[in-house]
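Understanding the architecture of this molecule
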Amino acid sequence: MPSAVNADIGLGLAALGRPEYMNLGHAQDFAGASSVEDMRRHCWQMLDLAWQAGIRHFDAARSYGRAEEFLAGWLRSSDRPDVLVSSKWGYIYTANWRPQPERHEVKEHNIDNLRRQWNESNAWLGPRLQLYQIHSATLQSGVLEDREILGFLRGLQQNGLRIGLSLSGVEQSETLRRARQIAFDGRPLFDSVQATYNLLETSAGPALAEAHAAGMQVIVKEGLANGRLTSRNQLTEDQNAIEHLRAFATERETGIDAIGLAYVLSQPWVDVALSGAATAMQLRSNLEALQFRHDPELGALASATGQRAEQYWQTRAALPWQ
């Protein structure tokens with residue numbers, strides 16, 4: 001398998017901008033220190049650590065609690081001109097820091113929400129924002145058929161902003177192929193795609209390879225499957241994969257997570273693999289992936305660990321927020 005020589009690790013802020021998330025074991029990562037100020041301080045520490053380790057891509061979203069606010073404050077605190085900032089619109093954070101709310105976020109793919117959330121993201125991040133994405137675009141939401149939304153995004157693109165979309169669910173490939181058909185005056189609307197791809201769920205691989213070959217940037221999210229590709233996973237349906245992965249990682253004296261991310265980085269069409277680390281220990285372990293992304297045996301891993309897309313997404317939908 002060819003190596004993704006230029007692929008790198010970015011940091012996603014989904015687990016750093018709000019006190020509850022669906023990653024396995026997330027509750028223990030903050031040990032009760034989950035006030036706004038506690039999490040702001042912790043987020044800045046993680047951003048500092050990521051920066052010192054060479055990470056330059058930071059990914060947020062309007063629904064990630066105060067992630068954009070935290071990131072904006074950190075950017076203002078020191079001169080970091082080569083940072084790439086991306087964010088997303090489409091979900092509204094509704095938990096408002098309440099423990100165990102009825103709903104954590106609400107999806108609204110309509111023009112009113114786009115305008116409102118664009119103004120909010122722009123107010124926080126301004127010219128530092130370089131990539132603006134539809135959050136979890138699906139065929140069912142109708143967002144890719146809404147000419148008013150597409151026209152608004154095209155206007156942002158004409159003003160120099162790169163436009164992308166993130167994907168979710170069993171129809172990631174179909175959604176991406178539909179998105180690639182959207183163009184204005186012969187110019188594709190979408191410059192970038194952010195998709196779920198990992199050792200348990202590889203179904204979007206061919207479509208992502210096609211997109212990369214056509215010139216789109218490919219960003220992989222959930223490379224560790226919301227913690228399912230870490231030693232924290234006790235889910236019965238994943239244990240065969242975990243045992244196989246543990247043996248592979250033990251031979252290389254590294255963690256399961258490093259091998260999971262190394263597999264993603266080894267794909268020749270991946271530009272960025274996002275770490276979802278919530279602690280310094282997790283981030284350091286994730287970064288070990290860079291040492292193993294050229295391992296010639298990585299390519300065979302998915303055949304032993306992969307699941308049907310329907311099974312994977314059904315399990316993901318049942319993960320509890322904590």
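The model shown is predicted, which means the values in this text are computed figures rather than measured ones.

Reading the values: rules and limits
Every chain's residues receive numbers from 1 upward, in the order its sequence appears when written. Restriction of local features to residues with pLDDT of at least 70 applies here, the model being predicted, together with a cutoff of 80 or more for giving and counting side-chain atom pairs; totals for whole chains, interfaces and linings are based on all residues. Note: side-chain values were computed over all heavy atoms of the structure, leaving out hydrogens and water. Each Phe, Tyr or Trp ring (for Trp, its six-membered ring) is paired with any other whose centre lies within 6.5 Å, and the angle between the two planes then decides the class: stacked below 30 degrees, edge-to-face above 60, tilted in between. Under the DSSP-based scheme used, a helix requires at least four consecutive residues in state H or I and a strand at least two consecutive residues in state E, with every element numbered from the N terminus. Three exposure classes are used, based on accessible area relative to the maximum for each residue type with a 1.4 Å probe and protein chains only: buried under 20%, partly exposed in between, and exposed over 50%. Salt bridges are defined by distance alone: a side-chain nitrogen of Lys or Arg within 4 Å of a carboxyl oxygen of Asp or Glu. Being paired, for any two strands, means DSSP has found at least two bridges between them. Axis definition: a line fitted to C-alpha atoms, over the contacting stretch in the case of helices. Angles run 0 to 180 degrees between N-to-C directions. We call two residues in contact whenever any of their non-hydrogen atoms come within 4.5 Å of each other. Two N or O atoms form a polar contact when they lie within 3.5 Å of each other; inside protein one atom must be a possible hydrogen donor and the other a possible acceptor, and for residues adjacent in sequence the pair counts only when both atoms belong to side chains. The arc in question is formed by the directions pointing from the helix axis toward the C-beta atoms. The predictor rates its confidence in each residue with pLDDT, a number between 0 and 100. Note on angle classes: values under 35 degrees are labelled roughly parallel, values over 145 roughly antiparallel, values of 65 to 115 roughly perpendicular, and the remainder oblique. Classification convention: Asp, Glu, Lys, Arg as charged; Ala, Val, Leu, Ile, Met, Phe, Trp, Tyr, Cys, Pro as nonpolar; all other residues, Gly among them, as polar. Definition used in this section: a nonpolar core is a set of buried Ala, Val, Leu, Ile, Met, Phe, Trp, Tyr and Cys residues joined via side-chain atoms within 4.5 Å.

Comments concerning the packing of aromatic side chains
Two aromatic rings, taken as a pair, are described by how far apart their centres are and by the angle between their planes. Under the counting rule described, the total for this entry stands at 7 aromatic pairs. Note on Trp118 and Tyr132: the rings are 5.1 Å apart at their centroids and 65° apart in plane angle, and the pair reads as edge-to-face. Of this pair, Trp118 sits in helix α3 (residues 111-125) while Tyr132 sits in strand β6 (residues 129-137); the two residues are 14 residues apart in sequence, bridging distant segments of the chain. The pair Trp118 / Tyr132 is uniform in exposure class, with both members buried. An aromatic cluster is built from Tyr197, Tyr263 and Trp269, whose rings are joined through pairwise contacts.

Section: the pattern of salt bridges
By the definition in use, this model includes 25 salt bridges. Between Arg232 and Asp29 there is a salt bridge, with its nearest N and O atoms 2.6 Å apart. Linking Arg232 in the loop between β11 (217-221) and α7 (239-251) with Asp29 in the loop between β1 (8-12) and α1 (36-52), this pair joins segments that are 203 residues apart in sequence. Classification of Asp29 by relative accessible area gives buried; the value is 14%.

As for unusual backbone geometry
Of all residues except glycine, most have a negative phi; of all peptide bonds, most are trans. With phi around 55°, Asp185 is a residue other than glycine that occupies positive phi space. With respect to the helices and strands, Asp185 occurs in the loop between β8 (183-184) and β9 (187-188). Phi is positive for Ala225, close to 55°, though the residue is something other than glycine. The residue Ala225 is located in the loop between β11 and α7 in this model.

Section: the sheet that holds strand β10 (residues 192-196)
Hydrogen bonds between backbone atoms are what pair the strands of a sheet, whose relative direction is either parallel or antiparallel. Spatial strand order, β1-β2-β3-β6-β7-β10-β11-β12: 8 strands in a closed barrel with parallel pairing. For this sheet the average axis-to-axis angle between neighbouring strands, irrespective of direction, equals 30°. Its contacts with the sheet put helix α8 (residues 256-265) on β1, β11 and β12 (272-275), and the angle it makes with β12 is roughly 155°.

A short note on helix α9 (residues 280-287)
Taken residue by residue, α9 has Leu283, Ser285, Asn286 and Leu287 as its buried positions. Residues of α9 that are buried in the fold lie against β1, α1, α8, β12 and α10 (289-292).

Details of the environment of Arg187
With respect to the secondary-structure elements, Arg187 resides in strand β9. For Arg187, a relative accessible area of 34% puts it in the partly exposed group. Linking Arg187 and Arg154, residues 33 residues apart in sequence, is a C-alpha distance of 9.6 Å. At a separation of 2.9 Å, a polar atom in the side chain of Arg187 contacts the side chain of Asp191.

Some words on helix α12 (residues 309-317)
In an α-helix, one full turn covers 3.6 residues, which means residues spaced three or four apart are oriented alike. When we look at burial in α12, the residues that qualify are Ala309, Tyr312, Trp313, Thr315 and Arg316. The arc enclosing the buried residues of α12, seen along the axis, measures out at 160°, which places them on a common side. What points out from α12, more than 90 degrees from its buried face, is the exposed set Gln314 and Ala317. Elements in contact with the buried residues of α12: α5 (172-179) and β10.

Quick word on the confidence of the model for the chain
In the predicted model, the chain carries a mean pLDDT of 95, and 98% of its residues have values of at least 70. Below a pLDDT of 50 lies the segment residues 1-5, which in the model reaches 15 contacts outside its immediate sequence neighbourhood of four places, other chains included.

Here we look at the packing of helix α2 (residues 67-77) against α3
For the pair α2 and α3, interaxial distance at closest approach is 8 Å and the crossing angle is 25°. When the axis of α2 is compared with that of α3, the two are roughly parallel. On α3, the residues that touch Glu68, Glu69, Leu71, Ala72, Leu75 and Arg76 of α2 are Glu120, Ser121, Trp124 and Leu125. Each residue belonging to the contact of α2 with α3 can be placed in one class, and the counts come to 5 nonpolar, 1 polar and 4 charged.

Let's talk about the nonpolar core
Core analysis: the largest hydrophobic core is formed by 101 residues, its most contacted members being Tyr132, Leu153, Leu165 and Phe190. Top contributing element to this core by residue count: α8, with 7 residues.

Description of the environment of Leu114
Tracing the chain through its elements places Leu114 in helix α3. Distance from Leu114 to Lys88, taken between C-alpha atoms, is 9.7 Å for residues 26 residues apart in sequence.

Remarks on the side chain of Thr254
Within the secondary structure, Thr254 is located in the loop between α7 and α8. Relative accessible area serves as the criterion here: at 15%, Thr254 is assigned to the buried category. Of note is the side chain of Thr254, whose polar atom sits 2.5 Å from the side chain of Glu288. Beyond its immediate sequence surroundings of up to four residues, Thr254 is in contact with Ala249, Ile259, Glu288 and Phe292.

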